[in-house]
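# Architecture at a glance
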Amino acid sequence: RAAAGGFGGAAFAGVGFGGYSGSTNLAEEGLGVSGVGSFKTDGSGSFNSGDASSNYSLDPTLAQCLSHATRPNQTTKKKALRDIVAVVEGRPTSFSPNDDTLNDVNASVYKRSPEVVAAALPQWHRAFARLADDDNAATRVLAAEANASLCENAKKGLAFHLKHVTPTWFANAHDEDPAVVKAAKESFERVFATPEKRSAVLARYAREILSRVTEKLAPNSDDDKNKDGGTSEERRERSERITSAALRTLAGFARVADVRTKEVSVALGEALDKLDVQNNGGGLKRFANHSSAKIRRGAYVATLAIADAEGSYDENNDVLGASKVLRRQSFASVALLDATDERDGSSLGEARELALGFLRRRGDDAWKDLCSFLLTEKSKAREGDAPGDEGDEPPDSIDAFLETLERHVSSGCHGAAEQSAPSVLPLLAATPLRALRKKNRLVRLLAALWDGYGLCDVPSRSADAKALLQAFRETLLYGVIVVAVEDDASNDVTKTETENKDASFVFRDDLFRAALEERWVPCAMRDFDDFTENASLRAAALCETLVSVSRRPALKETCLRRVMERVVDDCARTVAGSIPGGGVDAPGARRVAAFHRALCSAAETRDASDAKKKRKRRL
C-alpha cells in the first residue's frame, strides 16, 4: 500500500519520495537499516560529529531570514520566506543595499553548499512547525516552498534532520489549501524517488509524525492554537483548521504507511490509545460528534482510513491499539450512526463514503461491532437503575442504523437531499437482505422517505424533492424485486417453499400498499387535474416505476391490478343528489384516462430504450 500510494494518500497518486537526485542511498541515510540510533542530538539542535553540517556555522544571511520568518507581521514573514529560497539558490534577495547587517549584499548572492544549507535546518524546523499552522494560506504556501528548497539543497545532510522536519512536512501535505499540498508533495517527490525510501522514512519516523497529530488533537491544544490571538471568530477558524488538518494527517498516514510493519502498526496503535486517554475514552468519536462540520469531515476520513488499512482488524496487528474491541465498537458507531445522521451538506460526501466503505470492509462483522457498542452503552445507561432491567430485549444494530437513516431522510435530509438521498440504495444494498424483510423495516423507511419528499415538494427545493422521490422509487423496486425474491437465500430454511412464497407475497403486498396505494397514487392523480397529457414529475416517475414492475411476471398482475383499482377508487365522485359512492363523474374519468395515456407513453419509451440496447448488444 505504501509503495503504491504517494506522500499524502490517495489524493497524491504517483507522488513519491525522491532520493536526493540519486546521490545517496538508504545505507548512507541510516533509513531502513539497523543501527540508526547513532543520530542523536544534545537537545540544543546541534547534531553529533556524524553530521557534516555541524562543522559549519549558520550563514548570517540565512540566519536573518529565519529570524524574520517568525515575526508576527505577515508582510515580513512572506518577504523572509521568499528570501530564504533566494539565498539558498543563489538569487538576489529583497535586502536593501543600505542594510547595516550585511557588509556586502552582492557578495552574499551565491548558491549555498549542501553543508551550509543543512546547518540552517535545526533553526528552520522550529520555524517551520509554527509557520505550517499560520492563519494566512499564502504564508503557509511560501513556508512549504522554503522547506522544499532547504531540504532539496541540503542533499545528504538532510538525513540527520529528518526526524524533526518530517512530521511538519507530512502535515503540510494534508493542509486545506491545495497550493500548500502541491508544494509539499512535489518536494517529497523530488527528494525521495523510490517507494522503498518512502516506506522507510514513514516507518522510521512514524512515532514523530503521529506525536505531532496527537499533540494537535489534545483538548488543551486550543490554548496553543490561539496563542497568536485574534478575534473569537479567527480563533475558532484557526482551531478548526488545525484540528481538521491533524485528522487528515492521521488519515493520510494510515493510507500510505505500510501498517503491516511493526514500527508503523505499533506507532498507530499508540496514537489511537493516546487519543482515547486525551478525550476520556472518546477517541475519534469525539471529533465525529463535533459541532464543526470541517472537524467531523476529518474524523470521518480518519476513521475510514484506519478501518480500511490492510490487516488493521487482524488480531496480531497493533493498528487498533491496546483496546481493540472497544475501538472496533467505536468505529462502527461512528460509521453507521454518526456518519449516517450527518446533517451538513459539505460533510455528506465523506460521511457516506465512511458508511459504505466501512460496511464493505467489515461486512457482517460491522453489525456485530455496532451491536456490541449498543450493549456497552446500554449497560452504562443502566448503571444505578432498578434491578429487573437486565431482562430487556438486547438492542438490534440494524434497527438502530435504519432508525437513524429514517430520521435523516424524513427531515428532507436537512436541506441537502440532493447530495444525501442517492446513497440510500447503496446503504440498503450493504444491509443483510434477511434483516430488511423483518419488522416492516422497508415500510417504515418508505414512509420516512415520503415524509422527507413532502417537505421538499416546493419550487425552491425541487432538486431535493427529485432526489428523494428517486430514492423512494429505488427503495420500492429494491424491496419488491431483490429483497422479496422467492428463491433468495434469505428465505427461512425452516419453512416450506409454499410458506416462503406466501411470505414473499405478503411482503410485496405491504410494500405496494405503503408506497403506491397510500402515498404515491393519490398524490400523482392530483397532477392530472389539468387534464393534459404532460404529467408532472411525480406522475411520470410513478408511470415509469409501474412499467418497470410490469416487466416482471411475478409482480405484474398484483401491482397493476391494485394500482388501477386505487386509481378508480380515488377518482370516484358522488353524483349530485345521489347516494355516496355512486360512481365516477366526468372529471374523475378524465383523470383516469390521462393516467392511462401517461402509463402507455412510459411503456412506449421503455420499449424504445430496450430495443436500442438490444441493437447495441448485437453490434
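Residues numbered from 1 in each chain as written. Predicted model: local features only at pLDDT ≥ 70, side-chain atom pairs only at ≥ 80, totals over all residues. Heavy atoms only, no water.

## Thoughts on the overall build of the protein chain
- Helix and strand counts for the protein chain come out as 28 helices and zero strands.
- The proportion of buried residues among the 619 residues of the protein chain is 50%.
- In the protein chain, the share of contacts with a sequence separation of at least 24, taken over all contacts with a separation of at least 6, comes to 72%. (Helix = DSSP H or I, 4+ residues; strand = E, 2+ residues; numbered from the N terminus. Buried < 20%, exposed > 50% of the residue type's maximum accessible area, 1.4 Å probe, protein only. Contact = heavy atoms within 4.5 Å.)

## Here's the deal with unusual backbone geometry
- A positive phi is found at Lys155, a non-glycine position, where the angle reads about 50°.
- You will see that His414, though not glycine, has its phi angle at about 55°, which is positive.
- Looking at where His414 falls in the secondary structure, it is placed in the loop between α19 (397-410) and α20 (417-420).

## Description of the nonpolar core
- Counting 115 residues, the largest nonpolar core has Phe253, Leu516 and Trp520 as the members making the most contacts within it.
- Among the elements that take part in this core, helix α24 (residues 462-483) stands out by supplying eleven residues, more than any other.
- Dropping the residues within four chain positions of it, Phe253 is found in contact with Phe170, Leu202, Ala206, Ile209, Leu210, Val264 and Leu268.
- Among the nonpolar cores identified, the runner-up in size contains 35 residues, and Val88, Ala118, Ala143 and Cys151 belong to it. (Core = buried A, V, L, I, M, F, W, Y, C linked by side-chain atoms within 4.5 Å.)

## Focus: the packing of aromatic side chains
- Following the criterion strictly, the structure yields eight aromatic pairs and no others.
- Centroid distance Trp169 to Phe188: 3.8 Å. Interplanar angle 45°. Geometry classified as tilted. Note that Trp169 is positioned in helix α7 (residues 162-172) and Phe188 in helix α8 (residues 178-191), a separation of 19 residues in sequence. Each member of the pair, Trp169 together with Phe188, is buried.
- Between Trp367 and Phe401 the ring centres are 5.3 Å apart and the planes differ by 65°, which places this aromatic pair in the edge-to-face class. On the criterion of sequence distance, the pair formed by Trp367 in helix α18 (residues 364-382) and Phe401 in helix α19 is long-range, its members being 34 residues apart.
- Pairwise contacts between aromatic rings join Trp450, Tyr453, Phe472 and Trp520 into one cluster.
- Across the ring face of Tyr110, the terminal group of Arg112 is positioned such that the distance to the ring centre comes to 4.0 Å.
- The aromatic ring of Phe507 is capped on one face by Arg437, whose charged end is 5.9 Å from the ring centroid. (Phe/Tyr/Trp six-rings, centres within 6.5 Å; stacked < 30°, edge-to-face > 60°. Lys NZ or Arg CZ within 6 Å of the ring centre and 35° of its normal.)

## Here we look at the state of the cysteines
- For the structure on display, the rule yields zero disulfides.
- Cys456 supplies the cysteine sulfur nearest to Cys413, a cysteine that is in no disulfide, at a spacing of 7.1 Å. (Disulfide = S-S within 2.5 Å.)

## A look at the pattern of salt bridges
- Per the counting criterion, the structure on display carries 41 salt bridges.
- Two residues, Asp365 and Lys368, come together in a salt bridge whose shortest N-O distance is 3.8 Å. Of this pair, Asp365 and Lys368 both sit in helix α18, three residues apart, roughly one helical turn.
- Look at Asp365 and you get partly exposed, because its relative accessible area is 32%.
- Taking the relative accessible area as the measure of exposure, Lys368 reaches 53% and is therefore exposed.
- Lys439 is the partner of Asp396 in a salt bridge, and the nearest nitrogen-oxygen pair spans 3.3 Å. Taken together, the residues Asp396 in the loop between α18 and α19 and Lys439 in the loop between α22 (433-436) and α23 (441-456) connect sequence positions 43 residues apart. (Salt bridge = Lys/Arg side-chain N within 4 Å of Asp/Glu carboxyl O.)

## Topic: helix α2 (residues 60-69)
- The set of residues buried in α2 consists of Thr61, Leu62, Gln64, Cys65, Leu66 and Ala69.
- Of the surrounding elements, those touching the buried residues of α2 are α3 (74-89) and α5 (121-131).
- Its side-chain oxygen at 2.9 Å from the backbone nitrogen of Thr61, Asp59 defines the N-terminal cap of α2. (Polar contact = N/O pair within 3.5 Å; in protein donor to acceptor, adjacent residues only side chain to side chain.)

## Details of the confidence of the model for the protein chain
- Here the protein chain shows a mean pLDDT of 80. Residues at 70 or above account for 78%.
- A low-confidence stretch, residues 96-100 (pLDDT under 50), is modelled with three contacts involving residues beyond four sequence positions or located in other chains.
- Long-range and interchain partners of residues 573-579, a stretch whose pLDDT sits below 50, account for eight contacts in this model, where long-range means more than four residues apart. (pLDDT = per-residue confidence, 0-100.)

## A word on α8
- Taking 1.5 Å of rise per residue, 14 residues should cover 20 Å, and α8 covers 20 Å from first to last C-alpha, within 8% of that figure.
- When α8 is considered as a whole, its buried residues turn out to be Val180, Val181, Ala183, Ala184, Ser187, Phe188 and Val191. Down the axis, α8 shows its buried residues gathered within 165° of arc, on one side only.
- Buried residues along α8 sit against α6 (137-153) and α7.
- Backbone nitrogen of Ala179 and a side-chain oxygen of the N-cap are separated by 2.9 Å at the start of α8; the cap is Asp177. (Expected span 1.5 Å × (residues − 1). Arc of directions from axis to C-beta.)

## Side note on a positive patch on the surface
- Taken together, the side chains of Lys612, Lys613, Lys614, Arg615, Lys616, Arg617 and Arg618 make up a positively charged region of the molecular surface.
- Checked against the element boundaries, Lys614 lands in helix α28 (residues 586-618). (Patch = residues over 30% accessible without salt bridge, like charges linked within 9 Å, V, L, I, M, F, W, Y side chains within 5 Å. Areas by Shrake-Rupley, 256 points an atom, 1.4 Å probe, with all protein chains shown as cover. Lys, Arg positive; Asp, Glu negative; His and termini not counted. Charge placed at Lys NZ, Arg CZ, Asp CG, Glu CD.)

## Concerning the packing of helix α15 (residues 293-308) against helix α17 (residues 348-362)
- α17 packs onto α15 with a crossing angle of 15° between their chain directions and a minimal axis gap of 9 Å. As the angle between them shows, α15 and α17 are arranged roughly parallel. For the element pair α15 and α17, the recorded crossing hand is left-handed. In this structure, α15 contributes Arg297, Tyr300, Val301, Thr303, Leu304, Ala307 and Asp308 to the contact, and α17 contributes Glu350, Ala351, Glu353, Leu354, Gly357, Phe358 and Arg361.
- Considered class by class, the residues forming the contact of α15 with α17 number seven nonpolar, two polar and five charged. (Axes fitted to C-alpha atoms, helices over the stretch in contact; angles between N-to-C directions. Parallel < 35°, antiparallel > 145°, perpendicular 65-115°, else oblique. Left-handed = near helix turned anticlockwise from the far one by under 90°. Nonpolar A, V, L, I, M, F, W, Y, C, P; charged D, E, K, R; others polar.)

## Focus: the packing of α6 against α7
- At their nearest, the axes of α6 and α7 sit 11 Å apart, and the two run at 135° to each other. Between α6 and α7, the crossing angle belongs to the class labelled oblique. Of the two possible hands of crossing, α6 and α7 adopt the one that is left-handed. Together, Ala144, Asn147 and Cys151 of α6 and Val165, Trp169 and Asn172 of α7 make up the contact between the two elements.
- Residues belonging to the contact of α6 with α7 are distributed by class as follows: four nonpolar, two polar and no charged.

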